[in-house]
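The chain contents come next:
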Amino acid sequence: MTEGPEPAESDAAAQPVRVRQLRLVVEAADFDAALAFYRDVLGMPQQEAYSGDDGAEVVILDAGRATLELSNPAQVRFIDRVEAEGRPSDHLRVALEVDDTVAVTARLVEAGAELIAEPRETPWRSVNSRLRGPAALQLTLFEELD
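First, a word on scope: everything that follows refers to the structure included in this document.

Looking at the overall build of the protein
Scanning the protein from N- to C-terminus turns up four helices and six strands. Helices and strands in the protein line up, N terminus first, as α-α-β-β-α-β-α-β-β-β. Over its C-alpha atoms the protein spans a radius of gyration of 20 Å, topping by over 25% the 15 Å that the globule rule assigns to 146 residues. Taking the principal axes of its C-alpha atoms as reference, the protein extends roughly 75 × 50 × 25 Å. Taking all 146 residues of the protein together, the buried fraction comes to 28%. The contacts in the protein between residues at least 6 apart in sequence include a share of 51% that link residues at least 24 apart. For the protein, the exposed area adds up to about 10600 Å²; of that, 51% sits on carbon and sulfur atoms.

Now the structure itself:
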């Protein structure tokens, strides 16, 4: 048996994949209320908007830099204890970095968000609060202290 070079990987397989954007797609039964809350109250600028047949509407809001945080069940339980007195988070929770968690939390509650947990300093040096916003999204607001 002769030894030869390994078969070459295909060019496509050799190229690393690069995700260019994380976009969270949310169905909002009360579209206008959700849009007003996230765009006008929370301050996510509108990037794009499209209308389609049968009243179809979509608005894409700029949420700044996106990351995907993967946590194992033990870490989620720890975060829930620290951030929300042990009340379990939803399977999907949107964490948004803001400049002033206390002020933004108050503003969102005034605009109709349900307060789940008051702002508090965490062991990882941020001030976090937890809310439920329009379209049934569970939100964590966080302000980095360092």
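Quick word on the side chain of glutamate 83
The residue glutamate 83 is located in helix H3 (residues 73-84) in this model. A polar contact of 2.6 Å, which involves the side chain of glutamate 83, links it to the side chain of threonine 140. With near-sequence residues (within four places) excluded, glutamate 83 lies in contact with Arg93, Ala117, Arg120, Asn128, Arg130 and Thr140.

Concerning the nonpolar core
Core analysis: the largest hydrophobic core is formed by 17 residues, its most contacted members being Tyr38, Leu42, Leu96, Leu108, Leu139 and Leu141. Only helix H2 (31-41), strand E3 (93-97), helix H4 (101-110) and strand E6 (137-144) provide two or more residues apiece to this core. Once residues within four sequence positions are removed from consideration, tyrosine 38 is found in contact with Gly43, Met44, Leu61, Gly133, Pro134, Leu137 and Leu139.

What about the environment of glutamine 138?
Relative to the elements of secondary structure, glutamine 138 occurs in strand E6. Taking the relative accessible area as the measure of exposure, glutamine 138 reaches 3% and is therefore buried. Distance in space between the C-alpha atoms of glutamine 138 and arginine 125 is 21 Å, their sequence separation being 13 residues. A distance of 2.8 Å separates a polar side-chain atom of glutamine 138 from the backbone nitrogen of aspartate 90.

Focus on a negative patch on the surface
A surface patch of like charges, here negative, comprises Glu97, Asp99, Asp100 and Glu144. With respect to the secondary-structure elements, glutamate 144 resides in strand E6. Under the relative-accessibility criterion, glutamate 144 is labelled partly exposed at 41%.

Digging into the pattern of salt bridges
Two side chains with opposite charge may pair up if their charged atoms get near one another. The full count for this structure, using the stated rule, is nine salt bridges. In this structure, the salt-bridge partner of aspartate 80 is arginine 130, at a minimum N-O distance of 3.1 Å. Taken as a pair, aspartate 80 in helix H3 and arginine 130 in strand E5 (residues 126-133) lie far apart in primary sequence, 50 residues in all. A single burial state applies to aspartate 80 and to arginine 130, both of which are buried. With a closest N to O distance of 2.8 Å, arginine 130 and glutamate 83 form a salt bridge. Here arginine 130, found in strand E5, pairs with glutamate 83, found in helix H3; they are 47 residues apart in sequence, far enough to count as distant. Each of the two residues, arginine 130 as well as glutamate 83, counts as buried. Each of Asp80, Glu83, Arg93 and Arg130 takes part in one network of salt bridges that share partners.

Conventions adopted
Residues numbered from 1 in each chain as written. Predicted model: local features only at pLDDT ≥ 70, side-chain atom pairs only at ≥ 80, totals over all residues. Heavy atoms only, no water. Helix = DSSP H or I, 4+ residues; strand = E, 2+ residues; numbered from the N terminus. Rg over C-alpha atoms; globule rule 2.2 N^0.38 Å. Buried < 20%, exposed > 50% of the residue type's maximum accessible area, 1.4 Å probe, protein only. Contact = heavy atoms within 4.5 Å. Areas by Shrake-Rupley, 256 points an atom, 1.4 Å probe, with all protein chains shown as cover. Polar contact = N/O pair within 3.5 Å; in protein donor to acceptor, adjacent residues only side chain to side chain. Core = buried A, V, L, I, M, F, W, Y, C linked by side-chain atoms within 4.5 Å. Patch = residues over 30% accessible without salt bridge, like charges linked within 9 Å, V, L, I, M, F, W, Y side chains within 5 Å. Salt bridge = Lys/Arg side-chain N within 4 Å of Asp/Glu carboxyl O. Lys, Arg positive; Asp, Glu negative; His and termini not counted. Charge placed at Lys NZ, Arg CZ, Asp CG, Glu CD.

Spatial relationships are all this shows, so hold off on functional conclusions.
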